[in-house]
Amino acid sequence: MTVVPNAKGDAATSASRVLQPSGWPMPKGYANGMTADGRIVVTGGVIGWDSEEKLKPDFVSQVRQALQNIFDILAEGGAKPEHLVRLTWYVVDMEEYLGNLKGLGQAYREIFGAHYPAMALVQVVRLVELAARVEIEATAVVPR
């Protein structure tokens, strides 16, 4: 197993570390695994609506808002994006996700920077809010 430093190159002082088995190809935009020690902060399924519970019609805008909402929830719990250890994405259309990778990556980096936790991506039949295109769950570990 290789321990990969965080985005700032500092593995020793980071709350979390990327786990990269030797010989495995480096993933792009996510980590295969993470290890962390500290206080856990979790979100429920977060969708891309604003404070008035309004959803933008396009996928990338909904993702951007969902990520911002997660950022805000993490901050409320004393966590930062670099404390993220896992994201689980639920999308209603995998092709929509795959067709928007560039915009998604840009939105992600603008909000969370170059920290890529373990991630899973699942296509679902629908979400509770009918107009929602994406829902994301987050887990962060704040160092002690």
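Keep in mind the model is a prediction, meaning the values are calculated, not measured.

Engineer: How should the overall build of the protein be read in this particular structure?
Structural biologist: A count of helical and extended segments in the protein gives three helices and eight strands. The order of α-helices and β-strands along the protein, N terminus first, is β-β-β-β-β-α-β-α-α-β-β. Summarising the internal contacts of the protein: among those between residues at least 6 apart in sequence, 72% fall at separations of at least 24. If you sum the accessible surface of the protein, you get close to 8100 Å²; carbon and sulfur atoms cover 53% of it.

Engineer: Would you take a moment to explain the pattern of salt bridges for this structure?
Structural biologist: Any two side chains of opposite charge can pair if their charged atoms end up close together. On inspection of all chains with the given rule, the structure shows three salt bridges. Its salt-bridge partner being arginine 144, residue aspartate 37 comes within 3.3 Å of it at the nearest N-O pair. Linking aspartate 37 in the loop between β3 (33-36) and β4 (39-42) with arginine 144 in the segment after β8 (134-142), this pair joins segments that are 107 residues apart in sequence. Close ionic contact of glutamate 110 with arginine 64 constitutes a salt bridge, the shortest N to O distance being 2.4 Å. Residue glutamate 110 is found in helix α3 (residues 101-112), and its partner arginine 64 is found in helix α1 (residues 59-76); the two are separated by 46 residues along the sequence. For arginine 64, a relative accessible area of 31% puts it in the partly exposed group.

Engineer: It is not clear to me how unusual backbone geometry should be interpreted in this structure. Could you clarify?
Structural biologist: Positive phi, close to 60 degrees, is recorded for glutamate 53, a residue that is not glycine. On the accessibility criterion, glutamate 53 (53% relative accessible area) is exposed.

Engineer: How should the nonpolar core be read in this particular structure?
Structural biologist: Inside soluble globular proteins, nonpolar side chains tend to come together where they are buried. With 24 residues, the main nonpolar core has Leu67, Leu87, Trp89, Phe112 and Ile136 as its most contacted residues. Contributions of two or more residues to this core are made by α1, β6 (84-91), α3 and β8. Looking at this core, the element that brings in the most residues is α1, giving seven residues. In this structure, isoleucine 136 is in contact with Thr43, Gly44, Gly45, Val46, Ala66, Leu67, Ile70, Leu87, Thr88 and Trp89, ignoring residues within four places of it in sequence. Formed by six residues, the second largest nonpolar core is a distinct cluster that contains Met34, Val85, Ala118 and Val141.

Engineer: What is the right way to look at the confidence of the model for the protein in this model?
Structural biologist: Parts of the prediction with low pLDDT should not have their coordinates interpreted in detail. Per-residue confidence for the protein averages 90 on the pLDDT scale, and 90% of its residues sit at or above 70. Here residues 1-13 is modelled with pLDDT under 50, and outside its nearest four sequence neighbours on either side it reaches 20 contacts, counting other chains as well.

Cut-offs and rules
Residues numbered from 1 in each chain as written. Predicted model: local features only at pLDDT ≥ 70, side-chain atom pairs only at ≥ 80, totals over all residues. Heavy atoms only, no water. Helix = DSSP H or I, 4+ residues; strand = E, 2+ residues; numbered from the N terminus. Contact = heavy atoms within 4.5 Å. Areas by Shrake-Rupley, 256 points an atom, 1.4 Å probe, with all protein chains shown as cover. Salt bridge = Lys/Arg side-chain N within 4 Å of Asp/Glu carboxyl O. Buried < 20%, exposed > 50% of the residue type's maximum accessible area, 1.4 Å probe, protein only. Core = buried A, V, L, I, M, F, W, Y, C linked by side-chain atoms within 4.5 Å. pLDDT = per-residue confidence, 0-100.

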